Amino acid sequence: MQNFVFNIPTRVHFGKGEVRALEEELEGRTKKVLIVTGQGSVKKYGIFDNVVETLKKAGISYVELSGIKPNPRLKSVYKGIEICRKESVDFILAVGGGSVIDTSKAIAAGTRYEGDVWDFFVKNIPCAAALPLGSVLTLAATGSEMNSYAVITKEDEERKLAFGSPFVKPVFSILDPEYTYTVNKYHTAAGVADIMAHVFEEYFSQPSSAYVQDRMAEALLRVCIRYGPRACEKPRDYEARANIMWASSLALNGLLGEGKSGDWACHSIEHEISAIYDISHGVGLAIIVPNWMKHVLSSETLEKFVEYGINTWGIEKKKKDIDIANASIEKTREFFNSLGLPSKLSKVNVAADRFKDMARAAIKTHPQVGSFKKLSEKDIIQILTESF
Ligand code: NZQ
Ligand code: ZN
(Lines give C-alpha, C1' and ligand atoms only; values in the text may rest on other atoms or scores of the structure.)
(Ligands and ions follow the chains in the order given, each with its own letter.)
Protein backbone atom coordinates (compact mmCIF):
# COMPACT_ATOMS: atom_id res chain seq x y z
CA MET A 1 0.00 0.00 0.00
CA GLN A 2 1.27 3.49 -0.85
CA ASN A 3 1.69 6.27 1.75
CA PHE A 4 -1.24 8.64 2.11
CA VAL A 5 -2.92 11.36 4.14
CA PHE A 6 -6.61 10.77 4.77
CA ASN A 7 -8.47 13.85 5.92
CA ILE A 8 -12.16 14.49 5.44
CA PRO A 9 -13.20 17.66 7.23
CA THR A 10 -16.80 17.33 5.99
CA ARG A 11 -19.35 16.80 8.76
CA VAL A 12 -22.09 14.60 7.37
CA HIS A 13 -25.63 14.96 8.67
CA PHE A 14 -27.32 11.85 7.35
CA GLY A 15 -31.02 10.98 7.46
CA LYS A 16 -34.63 12.13 7.36
CA GLY A 17 -35.18 15.74 8.36
CA GLU A 18 -31.48 16.49 8.80
CA VAL A 19 -31.92 19.79 6.97
CA ARG A 20 -32.56 21.13 10.47
CA ALA A 21 -28.79 20.86 11.06
CA LEU A 22 -28.34 23.87 8.77
CA GLU A 23 -29.22 26.12 11.68
CA GLU A 24 -26.40 24.90 13.95
CA GLU A 25 -23.99 24.72 11.01
CA LEU A 26 -24.57 28.27 9.82
CA GLU A 27 -25.42 30.23 12.96
CA GLY A 28 -22.52 32.50 13.91
CA ARG A 29 -20.51 31.35 10.88
CA THR A 30 -22.00 33.58 8.21
CA LYS A 31 -23.73 36.88 7.63
CA LYS A 32 -24.67 36.28 4.01
CA VAL A 33 -25.02 33.03 2.10
CA LEU A 34 -25.08 32.39 -1.64
CA ILE A 35 -27.55 29.57 -2.30
CA VAL A 36 -26.72 27.78 -5.56
CA THR A 37 -29.39 25.63 -7.25
CA GLY A 38 -30.03 23.83 -10.54
CA GLN A 39 -32.78 24.16 -13.08
CA GLY A 40 -35.79 24.00 -10.83
CA SER A 41 -36.15 20.56 -9.20
CA VAL A 42 -35.29 21.74 -5.68
CA LYS A 43 -37.88 24.49 -5.93
CA LYS A 44 -40.51 22.24 -7.48
CA TYR A 45 -40.15 19.58 -4.77
CA GLY A 46 -39.97 21.84 -1.72
CA ILE A 47 -36.32 21.34 -0.77
CA PHE A 48 -35.47 24.98 -1.41
CA ASP A 49 -38.34 26.06 0.88
CA ASN A 50 -37.03 23.82 3.68
CA VAL A 51 -33.59 25.40 3.34
CA VAL A 52 -34.84 28.98 3.25
CA GLU A 53 -37.14 28.44 6.25
CA THR A 54 -34.18 27.22 8.27
CA LEU A 55 -32.03 30.19 7.24
CA LYS A 56 -34.80 32.62 8.13
CA LYS A 57 -35.19 30.99 11.55
CA ALA A 58 -31.48 31.50 12.15
CA GLY A 59 -31.67 35.13 10.94
CA ILE A 60 -29.24 34.54 8.08
CA SER A 61 -29.68 36.53 4.88
CA TYR A 62 -29.07 35.03 1.46
CA VAL A 63 -28.75 35.72 -2.24
CA GLU A 64 -29.35 33.19 -5.00
CA LEU A 65 -27.74 31.77 -8.10
CA SER A 66 -30.13 29.40 -9.86
CA GLY A 67 -30.28 27.67 -13.24
CA ILE A 68 -27.06 25.61 -13.01
CA LYS A 69 -27.15 23.09 -15.84
CA PRO A 70 -25.93 19.47 -15.76
CA ASN A 71 -22.33 19.51 -17.06
CA PRO A 72 -22.07 22.93 -15.40
CA ARG A 73 -20.66 25.83 -17.39
CA LEU A 74 -17.83 28.20 -16.61
CA LYS A 75 -20.05 31.22 -17.29
CA SER A 76 -22.25 30.29 -14.29
CA VAL A 77 -19.11 30.18 -12.17
CA TYR A 78 -18.18 33.72 -13.28
CA LYS A 79 -21.69 34.89 -12.46
CA GLY A 80 -21.46 33.38 -8.98
CA ILE A 81 -18.07 34.99 -8.31
CA GLU A 82 -19.49 38.35 -9.31
CA ILE A 83 -22.44 37.95 -6.92
CA CYS A 84 -20.18 36.86 -4.04
CA ARG A 85 -17.94 39.90 -4.46
CA LYS A 86 -20.73 42.40 -4.98
CA GLU A 87 -22.87 41.10 -2.11
CA SER A 88 -20.03 40.35 0.33
CA VAL A 89 -21.10 36.72 0.56
CA ASP A 90 -19.08 34.78 3.14
CA PHE A 91 -20.54 31.26 2.73
CA ILE A 92 -21.82 29.19 -0.20
CA LEU A 93 -24.60 26.65 0.15
CA ALA A 94 -25.04 24.22 -2.74
CA VAL A 95 -28.52 22.68 -2.90
CA GLY A 96 -28.58 20.06 -5.62
CA GLY A 97 -26.58 17.33 -7.32
CA GLY A 98 -22.95 17.20 -8.43
CA SER A 99 -23.32 19.98 -10.99
CA VAL A 100 -24.54 22.44 -8.38
CA ILE A 101 -21.91 21.42 -5.83
CA ASP A 102 -19.09 21.59 -8.39
CA THR A 103 -20.19 25.06 -9.51
CA SER A 104 -20.25 26.16 -5.87
CA LYS A 105 -16.71 24.86 -5.33
CA ALA A 106 -15.40 26.74 -8.35
CA ILE A 107 -17.17 29.93 -7.19
CA ALA A 108 -15.70 29.46 -3.71
CA ALA A 109 -12.16 29.19 -5.09
CA GLY A 110 -12.61 31.88 -7.75
CA THR A 111 -13.94 34.49 -5.34
CA ARG A 112 -10.72 34.35 -3.34
CA TYR A 113 -8.46 34.39 -6.41
CA GLU A 114 -7.37 37.52 -8.26
CA GLY A 115 -6.82 35.81 -11.60
CA ASP A 116 -9.21 33.84 -13.82
CA VAL A 117 -10.74 30.86 -11.98
CA TRP A 118 -10.20 28.76 -15.16
CA ASP A 119 -6.46 28.90 -14.33
CA PHE A 120 -7.08 26.27 -11.66
CA PHE A 121 -8.40 23.92 -14.33
CA VAL A 122 -5.93 24.52 -17.14
CA LYS A 123 -2.74 25.72 -15.51
CA ASN A 124 -2.74 23.48 -12.45
CA ILE A 125 -2.22 26.55 -10.25
CA PRO A 126 -2.78 25.42 -6.67
CA CYS A 127 -5.74 27.05 -4.98
CA ALA A 128 -4.56 28.86 -1.82
CA ALA A 129 -7.90 29.92 -0.33
CA ALA A 130 -11.64 29.60 -0.87
CA LEU A 131 -14.89 30.71 0.67
CA PRO A 132 -16.25 27.98 2.93
CA LEU A 133 -19.10 25.95 1.47
CA GLY A 134 -21.66 23.37 2.52
CA SER A 135 -24.07 21.18 0.58
CA VAL A 136 -27.60 19.84 0.74
CA LEU A 137 -27.36 16.84 -1.58
CA THR A 138 -30.36 15.93 -3.75
CA LEU A 139 -28.91 13.28 -6.09
CA ALA A 140 -26.62 10.35 -5.23
CA ALA A 141 -23.84 10.01 -7.80
CA THR A 142 -20.64 12.04 -7.82
CA GLY A 143 -19.41 12.08 -4.23
CA SER A 144 -18.77 15.81 -4.64
CA GLU A 145 -20.51 16.31 -1.30
CA MET A 146 -17.51 14.83 0.48
CA ASN A 147 -14.53 15.42 -1.78
CA SER A 148 -12.20 18.10 -3.09
CA TYR A 149 -13.04 18.01 -6.82
CA ALA A 150 -15.03 20.17 -9.19
CA VAL A 151 -15.67 19.47 -12.87
CA ILE A 152 -16.57 22.43 -15.09
CA THR A 153 -17.20 22.84 -18.83
CA LYS A 154 -15.93 25.72 -20.97
CA GLU A 155 -18.51 25.42 -23.67
CA ASP A 156 -16.94 27.47 -26.47
CA GLU A 157 -13.74 25.39 -26.27
CA GLU A 158 -15.58 22.06 -25.74
CA ARG A 159 -13.43 21.42 -22.69
CA LYS A 160 -14.64 19.73 -19.53
CA LEU A 161 -11.94 19.74 -16.87
CA ALA A 162 -11.49 18.93 -13.20
CA PHE A 163 -9.64 20.68 -10.43
CA GLY A 164 -9.11 19.64 -6.86
CA SER A 165 -8.18 21.42 -3.65
CA PRO A 166 -8.61 20.67 0.04
CA PHE A 167 -9.95 24.23 0.37
CA VAL A 168 -13.13 23.35 -1.50
CA LYS A 169 -14.09 20.28 0.50
CA PRO A 170 -17.53 21.05 1.93
CA VAL A 171 -17.40 21.85 5.65
CA PHE A 172 -20.69 20.02 6.01
CA SER A 173 -23.07 18.05 3.81
CA ILE A 174 -26.67 17.22 4.53
CA LEU A 175 -27.68 13.84 3.14
CA ASP A 176 -31.40 13.25 3.45
CA PRO A 177 -32.30 10.18 1.35
CA GLU A 178 -35.90 11.44 1.10
CA TYR A 179 -34.59 14.38 -0.93
CA THR A 180 -33.68 11.89 -3.66
CA TYR A 181 -37.20 10.37 -3.93
CA THR A 182 -38.03 12.67 -6.85
CA VAL A 183 -34.95 11.84 -8.94
CA ASN A 184 -36.30 10.10 -12.06
CA LYS A 185 -35.34 6.59 -13.09
CA TYR A 186 -32.84 7.75 -15.73
CA HIS A 187 -30.84 9.97 -13.39
CA THR A 188 -31.08 7.45 -10.55
CA ALA A 189 -29.62 4.77 -12.83
CA ALA A 190 -26.96 7.16 -14.17
CA GLY A 191 -26.04 7.98 -10.57
CA VAL A 192 -25.63 4.29 -9.72
CA ALA A 193 -23.42 3.82 -12.81
CA ASP A 194 -21.30 6.79 -11.75
CA ILE A 195 -20.87 5.44 -8.20
CA MET A 196 -19.83 2.04 -9.58
CA ALA A 197 -17.46 3.68 -12.07
CA HIS A 198 -15.74 5.56 -9.22
CA VAL A 199 -15.24 2.27 -7.45
CA PHE A 200 -13.90 0.64 -10.63
CA GLU A 201 -11.41 3.46 -11.22
CA GLU A 202 -9.98 2.86 -7.75
CA TYR A 203 -10.33 -0.94 -7.71
CA PHE A 204 -8.74 -1.71 -11.09
CA SER A 205 -5.46 -0.09 -10.13
CA GLN A 206 -2.09 -0.74 -8.54
CA PRO A 207 -0.88 -1.96 -6.11
CA SER A 208 -2.95 -5.05 -5.41
CA SER A 209 -1.62 -5.05 -1.82
CA ALA A 210 -4.25 -2.45 -0.80
CA TYR A 211 -6.43 -5.29 0.45
CA VAL A 212 -8.50 -3.10 2.80
CA GLN A 213 -9.48 -0.71 0.00
CA ASP A 214 -10.28 -3.51 -2.44
CA ARG A 215 -12.57 -5.41 -0.09
CA MET A 216 -14.40 -2.16 0.78
CA ALA A 217 -14.69 -1.48 -2.95
CA GLU A 218 -16.36 -4.84 -3.53
CA ALA A 219 -18.75 -4.12 -0.65
CA LEU A 220 -19.82 -0.83 -2.24
CA LEU A 221 -20.30 -2.51 -5.61
CA ARG A 222 -22.55 -5.08 -3.97
CA VAL A 223 -24.55 -2.28 -2.37
CA CYS A 224 -25.12 -0.77 -5.83
CA ILE A 225 -26.07 -4.14 -7.32
CA ARG A 226 -28.52 -4.82 -4.47
CA TYR A 227 -30.13 -1.40 -4.14
CA GLY A 228 -29.66 0.25 -7.56
CA PRO A 229 -32.52 -1.64 -9.25
CA ARG A 230 -34.73 -1.15 -6.17
CA ALA A 231 -34.17 2.64 -6.14
CA CYS A 232 -35.01 2.74 -9.87
CA GLU A 233 -38.20 0.71 -9.50
CA LYS A 234 -39.39 2.08 -6.14
CA PRO A 235 -38.26 5.70 -5.97
CA ARG A 236 -39.67 6.17 -2.45
CA ASP A 237 -37.92 3.14 -0.93
CA TYR A 238 -36.01 4.73 1.95
CA GLU A 239 -33.66 1.79 2.51
CA ALA A 240 -32.62 1.73 -1.14
CA ARG A 241 -32.19 5.51 -1.41
CA ALA A 242 -30.27 5.66 1.89
CA ASN A 243 -27.82 2.92 0.95
CA ILE A 244 -27.21 4.35 -2.52
CA MET A 245 -26.72 7.83 -1.08
CA TRP A 246 -24.13 6.76 1.47
CA ALA A 247 -22.38 4.59 -1.13
CA SER A 248 -22.06 7.64 -3.41
CA SER A 249 -20.18 9.59 -0.74
CA LEU A 250 -17.94 6.69 0.30
CA ALA A 251 -17.05 5.78 -3.28
CA LEU A 252 -15.15 9.01 -3.90
CA ASN A 253 -14.06 10.50 -0.59
CA GLY A 254 -10.60 8.94 -0.51
CA LEU A 255 -11.60 5.84 1.44
CA LEU A 256 -11.08 3.52 -1.54
CA GLY A 257 -8.59 5.54 -3.53
CA GLU A 258 -5.93 6.58 -1.02
CA GLY A 259 -2.97 4.20 -0.93
CA LYS A 260 -3.43 3.29 -4.60
CA SER A 261 -2.84 4.87 -8.01
CA GLY A 262 -6.31 5.17 -9.49
CA ASP A 263 -6.86 4.38 -13.16
CA TRP A 264 -9.42 7.07 -14.18
CA ALA A 265 -9.26 6.21 -17.91
CA CYS A 266 -13.05 5.80 -18.22
CA HIS A 267 -13.60 9.19 -16.60
CA SER A 268 -11.00 10.81 -18.85
CA ILE A 269 -12.80 9.40 -21.90
CA GLU A 270 -16.31 10.21 -20.67
CA HIS A 271 -15.43 13.81 -19.85
CA GLU A 272 -14.37 14.28 -23.48
CA ILE A 273 -17.71 12.89 -24.67
CA SER A 274 -19.87 15.05 -22.40
CA ALA A 275 -17.70 18.10 -23.15
CA ILE A 276 -18.92 17.94 -26.74
CA TYR A 277 -22.31 16.20 -26.55
CA ASP A 278 -23.62 17.29 -23.12
CA ILE A 279 -24.78 13.78 -22.19
CA SER A 280 -25.32 12.65 -18.57
CA HIS A 281 -21.97 11.70 -17.07
CA GLY A 282 -23.22 8.41 -15.59
CA VAL A 283 -24.81 7.38 -18.88
CA GLY A 284 -21.54 7.91 -20.73
CA LEU A 285 -19.74 5.83 -18.13
CA ALA A 286 -22.26 2.98 -18.31
CA ILE A 287 -21.52 2.76 -22.05
CA ILE A 288 -17.73 3.09 -21.83
CA VAL A 289 -16.92 0.99 -18.74
CA PRO A 290 -17.74 -2.54 -20.05
CA ASN A 291 -15.89 -1.81 -23.32
CA TRP A 292 -12.89 -0.46 -21.40
CA MET A 293 -12.95 -3.67 -19.32
CA LYS A 294 -12.94 -5.84 -22.46
CA HIS A 295 -10.14 -3.72 -23.93
CA VAL A 296 -7.79 -3.94 -20.93
CA LEU A 297 -8.37 -7.61 -20.12
CA SER A 298 -5.06 -9.40 -20.73
CA SER A 299 -2.80 -11.97 -19.08
CA GLU A 300 -1.45 -9.15 -16.85
CA THR A 301 -4.85 -7.94 -15.69
CA LEU A 302 -6.65 -11.29 -15.61
CA GLU A 303 -6.16 -11.92 -11.88
CA LYS A 304 -7.95 -8.70 -10.91
CA PHE A 305 -10.94 -9.49 -13.11
CA VAL A 306 -11.15 -12.97 -11.56
CA GLU A 307 -11.15 -11.38 -8.09
CA TYR A 308 -13.86 -8.96 -9.25
CA GLY A 309 -16.01 -11.72 -10.75
CA ILE A 310 -15.87 -13.99 -7.71
CA ASN A 311 -16.09 -11.42 -4.92
CA THR A 312 -18.59 -9.04 -6.52
CA TRP A 313 -20.77 -11.19 -8.74
CA GLY A 314 -20.41 -14.54 -6.96
CA ILE A 315 -19.19 -16.31 -10.12
CA GLU A 316 -18.16 -19.89 -9.41
CA LYS A 317 -14.47 -20.29 -8.55
CA LYS A 318 -14.30 -23.66 -10.35
CA LYS A 319 -14.56 -22.07 -13.79
CA LYS A 320 -11.50 -21.23 -15.89
CA ASP A 321 -9.97 -17.84 -15.03
CA ILE A 322 -10.62 -16.36 -18.45
CA ASP A 323 -14.25 -17.47 -18.35
CA ILE A 324 -14.71 -15.86 -14.92
CA ALA A 325 -13.16 -12.62 -16.20
CA ASN A 326 -15.32 -12.52 -19.33
CA ALA A 327 -18.45 -13.38 -17.35
CA SER A 328 -17.72 -10.55 -14.87
CA ILE A 329 -17.54 -8.06 -17.75
CA GLU A 330 -20.78 -9.34 -19.27
CA LYS A 331 -22.48 -9.13 -15.84
CA THR A 332 -21.39 -5.48 -15.59
CA ARG A 333 -22.80 -4.72 -19.04
CA GLU A 334 -26.06 -6.56 -18.33
CA PHE A 335 -26.45 -4.80 -15.01
CA PHE A 336 -26.24 -1.34 -16.58
CA ASN A 337 -28.70 -2.46 -19.28
CA SER A 338 -31.07 -3.80 -16.61
CA LEU A 339 -31.21 -0.32 -15.09
CA GLY A 340 -32.51 0.94 -18.42
CA LEU A 341 -29.29 2.71 -19.39
CA PRO A 342 -28.30 2.87 -23.07
CA SER A 343 -25.40 0.66 -24.12
CA LYS A 344 -24.27 2.44 -27.29
CA LEU A 345 -23.00 5.95 -27.92
CA SER A 346 -25.05 6.03 -31.13
CA LYS A 347 -28.20 5.78 -28.94
CA VAL A 348 -27.36 9.03 -27.17
CA ASN A 349 -26.70 10.96 -30.40
CA VAL A 350 -22.92 10.86 -30.21
CA ALA A 351 -21.38 10.82 -33.69
CA ALA A 352 -18.32 8.74 -34.53
CA ASP A 353 -16.60 11.51 -36.47
CA ARG A 354 -15.29 13.20 -33.31
CA PHE A 355 -13.61 10.15 -31.72
CA LYS A 356 -10.17 11.23 -32.86
CA ASP A 357 -10.67 14.73 -31.38
CA MET A 358 -11.82 13.20 -28.09
CA ALA A 359 -8.87 10.81 -27.89
CA ARG A 360 -6.42 13.61 -28.67
CA ALA A 361 -7.97 15.91 -26.08
CA ALA A 362 -7.86 13.19 -23.41
CA ILE A 363 -4.17 12.58 -24.07
CA LYS A 364 -3.45 16.32 -24.09
CA THR A 365 -5.28 16.92 -20.80
CA HIS A 366 -3.83 14.06 -18.78
CA PRO A 367 -0.14 13.24 -18.38
CA GLN A 368 -1.21 9.62 -18.65
CA VAL A 369 -4.60 8.09 -19.44
CA GLY A 370 -5.01 4.95 -17.31
CA SER A 371 -2.64 3.36 -14.83
CA PHE A 372 -4.04 -0.17 -14.55
CA LYS A 373 -3.37 -0.15 -18.28
CA LYS A 374 -1.90 2.91 -19.90
CA LEU A 375 -3.97 3.88 -22.95
CA SER A 376 -2.66 5.38 -26.18
CA GLU A 377 -4.66 7.58 -28.53
CA LYS A 378 -5.28 4.49 -30.63
CA ASP A 379 -6.60 2.53 -27.62
CA ILE A 380 -9.04 5.34 -26.78
CA ILE A 381 -10.35 5.50 -30.35
CA GLN A 382 -10.79 1.74 -30.28
CA ILE A 383 -12.75 1.84 -26.99
CA LEU A 384 -14.94 4.64 -28.36
CA THR A 385 -15.50 2.69 -31.58
CA GLU A 386 -16.39 -0.46 -29.64
CA SER A 387 -18.84 1.66 -27.61
CA PHE A 388 -20.54 3.03 -30.73
O1 NZQ B 1 -31.16 20.99 -12.51
P2 NZQ B 1 -32.20 20.36 -11.66
O3 NZQ B 1 -33.56 20.87 -11.92
O4 NZQ B 1 -31.83 20.37 -10.22
O5 NZQ B 1 -32.32 18.81 -12.12
C6 NZQ B 1 -31.25 17.89 -11.95
C7 NZQ B 1 -30.58 17.53 -13.27
O8 NZQ B 1 -31.46 17.64 -14.34
C9 NZQ B 1 -31.83 16.58 -11.52
N10 NZQ B 1 -32.02 16.49 -10.06
C11 NZQ B 1 -31.11 16.69 -9.07
N12 NZQ B 1 -31.69 16.46 -7.87
C13 NZQ B 1 -32.99 16.14 -8.12
C14 NZQ B 1 -33.20 16.15 -9.50
N15 NZQ B 1 -34.40 15.88 -10.06
C16 NZQ B 1 -35.42 15.57 -9.22
N17 NZQ B 1 -35.28 15.50 -7.88
C18 NZQ B 1 -34.09 15.80 -7.28
N19 NZQ B 1 -33.96 15.69 -5.95
O20 NZQ B 1 -30.87 15.62 -11.94
C21 NZQ B 1 -30.23 16.07 -13.12
C22 NZQ B 1 -28.74 15.81 -13.05
O23 NZQ B 1 -28.15 16.60 -12.04
P24 NZQ B 1 -26.56 16.75 -11.91
O25 NZQ B 1 -26.27 17.56 -10.71
O26 NZQ B 1 -26.01 17.21 -13.22
O27 NZQ B 1 -26.11 15.23 -11.72
P28 NZQ B 1 -24.86 14.59 -11.01
O29 NZQ B 1 -24.99 14.67 -9.54
O30 NZQ B 1 -24.72 13.26 -11.62
O31 NZQ B 1 -23.62 15.53 -11.43
C32 NZQ B 1 -22.97 15.35 -12.66
C33 NZQ B 1 -21.80 16.30 -12.80
O34 NZQ B 1 -20.78 16.06 -11.82
C35 NZQ B 1 -19.52 15.78 -12.47
C36 NZQ B 1 -19.97 15.20 -13.80
O37 NZQ B 1 -18.96 15.19 -14.77
C38 NZQ B 1 -21.13 16.11 -14.16
O39 NZQ B 1 -20.66 17.33 -14.66
N40 NZQ B 1 -18.66 14.93 -11.63
C41 NZQ B 1 -18.19 15.47 -10.50
C42 NZQ B 1 -17.32 14.77 -9.67
C43 NZQ B 1 -16.81 15.36 -8.41
N44 NZQ B 1 -17.04 16.62 -8.15
O45 NZQ B 1 -16.16 14.68 -7.64
C46 NZQ B 1 -16.83 13.43 -10.01
C47 NZQ B 1 -17.66 12.76 -11.06
O48 NZQ B 1 -16.91 11.73 -11.61
C49 NZQ B 1 -18.16 13.66 -12.12
O50 NZQ B 1 -17.21 13.90 -13.13
ZN1 ZN C 1 -17.90 10.09 -12.13
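Quick summary incoming for the structure in this document. Since the model is a prediction, treat every value here as computed from it, not as a measurement. (Residues numbered from 1 in each chain as written. Chains lettered and ligands numbered in written order. Predicted model: local features only at pLDDT ≥ 70, side-chain atom pairs only at ≥ 80, totals over all residues. Heavy atoms only, no water.)

Regarding the overall build of the protein
Scanning the protein from N- to C-terminus turns up 15 helices and eight strands. In terms of C-alpha radius of gyration, the protein reaches 20 Å, essentially the compact-globule figure of 21 Å for 388 residues. Buried positions account for 56% of the 388 residues belonging to the protein. Taking contacts inside the protein between residues at least 6 apart in sequence as the whole, the part at least 24 apart equals 78%. Total accessible area on the protein is roughly 16,200 Å²; 50% of this is exposed by carbon and sulfur atoms. One way to put it: in the protein the 49 positive side-chain charges average out to a point 2 Å from where the 48 negative ones average out. (Helix = DSSP H or I, 4+ residues; strand = E, 2+ residues; numbered from the N terminus. Rg over C-alpha atoms; globule rule 2.2 N^0.38 Å. Buried < 20%, exposed > 50% of the residue type's maximum accessible area, 1.4 Å probe, protein only. Contact = heavy atoms within 4.5 Å. Areas by Shrake-Rupley, 256 points an atom, 1.4 Å probe, with all protein chains shown as cover. Lys, Arg positive; Asp, Glu negative; His and termini not counted. Charge placed at Lys NZ, Arg CZ, Asp CG, Glu CD.)

Considering the site of ligand 1
For ligand 1, the set of nearby residues contains 32 residues, the closest of which are Gln39, Gly98, Ser99, Lys160 and Thr182. At 2.6 Å, a side-chain N or O of Ser99 approaches an oxygen atom of ligand 1. A distance of 3.0 Å separates a nitrogen atom of ligand 1 from a polar backbone atom of Tyr149. Against a free-state accessible area of 960 Å², the protein chains account for coverage of 90% of ligand 1. Only α5 (98–111), β6 (149–154), α7 (185–203) and α10 (265–277) provide two or more residues apiece to the shell around ligand 1. (Near = heavy atom within 4 Å. Polar contact = N/O pair within 3.5 Å; in protein donor to acceptor, adjacent residues only side chain to side chain.)

Concerning the coordination of the zinc ion (ligand 2)
Only Asp194 (OD), His198 (NE2), His267 (NE2) and His281 (NE2) from the protein reach the zinc ion (ligand 2) as donors, at distances of 2.0 to 2.2 Å. Along the chain, the residues that donate to the zinc ion (ligand 2) are spaced as D-x3-H-x68-H-x13-H. One end of the pair, Asp194, is in helix α7; the other, His267, is in helix α10, and 73 residues separate them in sequence. Comparing Asp194 with His267, the two get one shared label, buried. (Donors = N, O, S within 2.8 Å, 3.2 Å for Na, K, Ca; no water.)

Structural notes on a nonpolar patch on the surface
A contiguous nonpolar surface patch, about 380 Å² in accessible area, is contributed by Met1, Phe4, Phe6 and Val212. By secondary structure assignment, the location of Val212 is in helix α8 (residues 211–233). Judged by its relative accessible area of 49%, Val212 falls in the partly exposed class. (Patch = residues over 30% accessible without salt bridge, like charges linked within 9 Å, V, L, I, M, F, W, Y side chains within 5 Å. Salt bridge = Lys/Arg side-chain N within 4 Å of Asp/Glu carboxyl O.)

Here's the deal with unusual backbone geometry
In this structure, Asn71 is a non-glycine residue whose phi angle is positive, near 55°. On the secondary structure map, Asn71 appears in the loop between β3 (61–65) and α4 (74–86). Judged by relative accessible area, which is 7%, Asn71 ranks as buried. The backbone of Trp264 shows a phi angle near 65°, a positive value even though the residue is not glycine.

With respect to the sheet that holds β3
Strand order in the open sheet formed by six strands is β1-β8-β5-β4-β2-β3, with parallel pairing between adjacent strands. Edge positions in the sheet fall to β1 (11–14) and β3, since each of these pairs with one other strand and no more. The average undirected angle you get between the axes of adjacent strands in this sheet is 20°. Across five bridges, strand β4 (residues 91–96) lies against strand β5 (residues 133–137) in parallel orientation. Counted as the bridge partner of Gly96 is Leu137 from β5. Running over the sheet, helix α3 (residues 47–57) touches β2 (32–36), β3, β4 and β5 and is turned about 175° from β2. In this fold α5 packs onto β2, β3, β4 and β5, with an angle of close to 165° to the strand it touches most, β4. (Pairing = 2+ DSSP bridges. Axes fitted to C-alpha atoms, helices over the stretch in contact; angles between N-to-C directions.)

Some details on the pattern of salt bridges
In total, this model carries 26 salt bridges according to the counting rule given. For Lys304, the salt bridge goes to Asp214, with nearest N and O atoms at 2.4 Å. Taken together, the residues span a long stretch of sequence, with Lys304 in helix α12 (residues 302–313) and Asp214 in helix α8 at a distance of 90 residues. Residue class for Lys304 comes out buried when judged on its relative accessible area of 6%.

Here we look at the nonpolar core
If you look at the biggest cluster of nonpolar residues, it comprises 102 residues, and the most contacted ones within it are Trp292 and Phe305. Top element by residues in this core is α7. It accounts for 10 residues. Taken domain by domain, the makeup of this core includes at least three residues from each of domain 1 (11–179) and domain 2 (184–387). (Core = buried A, V, L, I, M, F, W, Y, C linked by side-chain atoms within 4.5 Å. Domains from an automatic or database assignment.)

As for α5
An α-helix turns once every 3.6 residues. As a result, residues three or four positions apart point the same way. The end-to-end C-alpha distance of α5 is 20 Å, a good match for the 20 Å that 14 residues give at a rise of 1.5 Å each. Burial analysis of α5 places 13 of its 14 residues in the buried class, which makes it a mostly covered element. (Expected span 1.5 Å × (residues − 1).)

Here we look at the packing of aromatic side chains
All told, the structure shown has 19 aromatic pairs when counted by the stated rule. Considering the side-chain rings of Tyr113 and Phe120, the 4.6 Å spacing of their centres and the 45° angle between planes classify their relative orientation as tilted. Within the aromatic cluster, the residues linked to one another by ring pairs are Phe200, Tyr203, Phe204, Trp292, Phe305, Tyr308 and Phe372. Sitting over the ring of Phe48, Lys43 keeps its end group 4.6 Å from the ring centre. Over the aromatic face of Tyr203 sits the side chain of Lys304, whose NZ or CZ is 4.2 Å from the ring centroid. (Phe/Tyr/Trp six-rings, centres within 6.5 Å; stacked < 30°, edge-to-face > 60°. Lys NZ or Arg CZ within 6 Å of the ring centre and 35° of its normal.)

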